[in-house]
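These are the residues of each chain, in order.
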Amino acid sequence: MNILLTGATGFIGSYVLPRLLEEGHRVTALVRDTEKAAAVEAAGATALVGDAGDAELVEATARQSDGVIHLASSREVDAVLVPAVLSGLAGSGKPFVHTGGIWTYGSNDDITEDSPAAPPAITAWRTIGEGLVLAASGVRGTVVVPSIVYGHGKGLANVIVDAPVGSGSVPALRLIGDGSQHWATVHVDDLAALYVLALERGDAGSTYIAASGQNPTVRELTEVAAQAAGVTGGVVAESVEETASRFGEGLAEALLLDQQASGLKPRIDLGWEPNAPALLEELLVGSYAPARV
């Protein structure tokens, strides 16, 4: 299939793109400038330089494609791109894989695709686009919901690794809040595989939570990061107010959510098999661990 892909040069997209090509798909990557065009062409895709907020361009390109994967999701982009893609694919039965986010479910110790939405302010906008995709007729619309994405030393896990270290006599790595909150997690390689499976096999109107089943606490993650970095004082808690000061209130609210998920549905429905190293392992001896000379 010839797939229209947005966000091909981002953290997730840079692993979805080669996965699509490995599975025999052709990819047209919508990118913003010639530098990004060169990067996706070097990876084996056809570059289309343009604006994801250009409804006419998006609709026409979607119509010419065999399916769409949208990774460059934002409030402003989705308001234009989602309706344009749905218009371009209308009546075709072709797949449109949209991107959600685990934070939409709020604090929940057993998140499933049927869990109610309880988004923090920073992601409340997501529900509108997701609803349009899932309710679309004549299009095989699905939503992939990434958990906290990690891998290859990139992504949000770096807020753990790069946490401030106290300057006292026994330095300690700063927690996010008291660190008791769980994070649902998924390796970017496993996530890329799920996007392709959703494209190829996903049922219309279905949501798939990308979660490895590993749900460590922030304290566990930070303790391992401190151990890897040789921070002798371990970890130290901070107040909610201190977390908000460090990250801004919107992001802090999301990082303090207590979330756990198993990712069972895509395993059963799509045959997804996440098998990459866990984030705890990655922090201790993997891509986030300090280089050892």
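Just so it is clear, the model here is predicted, and its values are computed rather than measured.

## Here's the deal with the overall build of the protein chain
- Scanning the protein chain from N- to C-terminus turns up 12 helices and 14 strands.
- Rg of the C-alpha trace for the protein chain: 20 Å, near the compact-globule value of 19 Å for 293 residues, within the 12% margin.
- The principal-axis extents of the C-alpha atoms in the protein chain amount to approximately 65 × 45 × 35 Å.
- Contacts in the protein chain between residues at least 24 apart in sequence constitute 76% of all its contacts with a sequence separation of at least 6.
- Counting every atom, the protein chain has about 12,400 Å² of accessible surface; 50% of that belongs to carbon and sulfur.
- Taken as two groups, the 17 positive and 35 negative side-chain charges of the protein chain have centres that lie 4 Å from each other.

## Regarding the pattern of salt bridges
- In total, this model carries 5 salt bridges according to the counting rule given.
- For glutamate 23, the salt bridge goes to arginine 19, with nearest N and O atoms at 4.0 Å.
- By relative accessible area, glutamate 23 is classed as partly exposed at 41%.
- Residue classification places arginine 19 among the partly exposed positions, given a relative accessible area of 30%.
- Between arginine 63 and glutamate 59 there is a salt bridge whose closest N-O contact spans 2.8 Å.

## Let's talk about the nonpolar core
- Core analysis: the biggest nonpolar cluster contains 49 residues, and Val85, Phe96, Ile102, Ile160, Trp183 and Ile209 have the highest contact counts within it.
- With 7 residues, the top contributor of residues to this core is helix 4 (residues 75–89).
- Those residues within four positions of valine 85 in sequence are excluded, and the remaining contacts are Val58, Ala62, Val68 and Phe96.

## Observations concerning the side chain of threonine 104
- Structurally, threonine 104 can be placed in the loop between strand 5 (95–99) and strand 6 (108–111).
- Judged by its relative accessible area of 4%, threonine 104 falls in the buried class.
- Ignoring any residue separated from it by four or fewer positions in sequence, one finds threonine 104 in contact with Ala117, Ala118, Pro119, Thr123, Arg126, Thr127 and Glu130.

## Thoughts on helix 1 (residues 13–22)
- When we look at burial in helix 1, the residues that qualify are Gly13, Tyr15, Val16, Leu17 and Leu20.
- Of the surrounding secondary structure, the elements contacted by the buried residues of helix 1 are strand 1 (2–6), strand 2 (26–31), helix 2 (34–43), strand 4 (67–70), strand 9 (154–155) and helix 7 (188–201).
- Of the residues trailing helix 1, glycine 24 is marked for its positive phi of about 90°.

## Focus: the sheet that holds strand 11 (residues 185–187)
- Judged by pairing direction, the sheet is mixed, and its 3 strands sit side by side in the order 9-8-11 without closing on themselves. What marks the edges here is a single partner per strand, and that holds for strand 9 and strand 11.
- Note: strand 8 (residues 148–151) against strand 9, 2 bridges, orientation antiparallel. Bridging from a neighbouring strand, glycine 151 pairs with lysine 154 of strand 9.
- The sheet strands contacting helix 7 are strand 8 and strand 11, and the helix crosses strand 11 at an angle near 85°.

Rules used throughout
Residues numbered from 1 in each chain as written. Predicted model: local features only at pLDDT ≥ 70, side-chain atom pairs only at ≥ 80, totals over all residues. Heavy atoms only, no water. Helix = DSSP H or I, 4+ residues; strand = E, 2+ residues; numbered from the N terminus. Rg over C-alpha atoms; globule rule 2.2 N^0.38 Å. Contact = heavy atoms within 4.5 Å. Areas by Shrake-Rupley, 256 points an atom, 1.4 Å probe, with all protein chains shown as cover. Lys, Arg positive; Asp, Glu negative; His and termini not counted. Charge placed at Lys NZ, Arg CZ, Asp CG, Glu CD. Salt bridge = Lys/Arg side-chain N within 4 Å of Asp/Glu carboxyl O. Buried < 20%, exposed > 50% of the residue type's maximum accessible area, 1.4 Å probe, protein only. Core = buried A, V, L, I, M, F, W, Y, C linked by side-chain atoms within 4.5 Å. Pairing = 2+ DSSP bridges. Axes fitted to C-alpha atoms, helices over the stretch in contact; angles between N-to-C directions.

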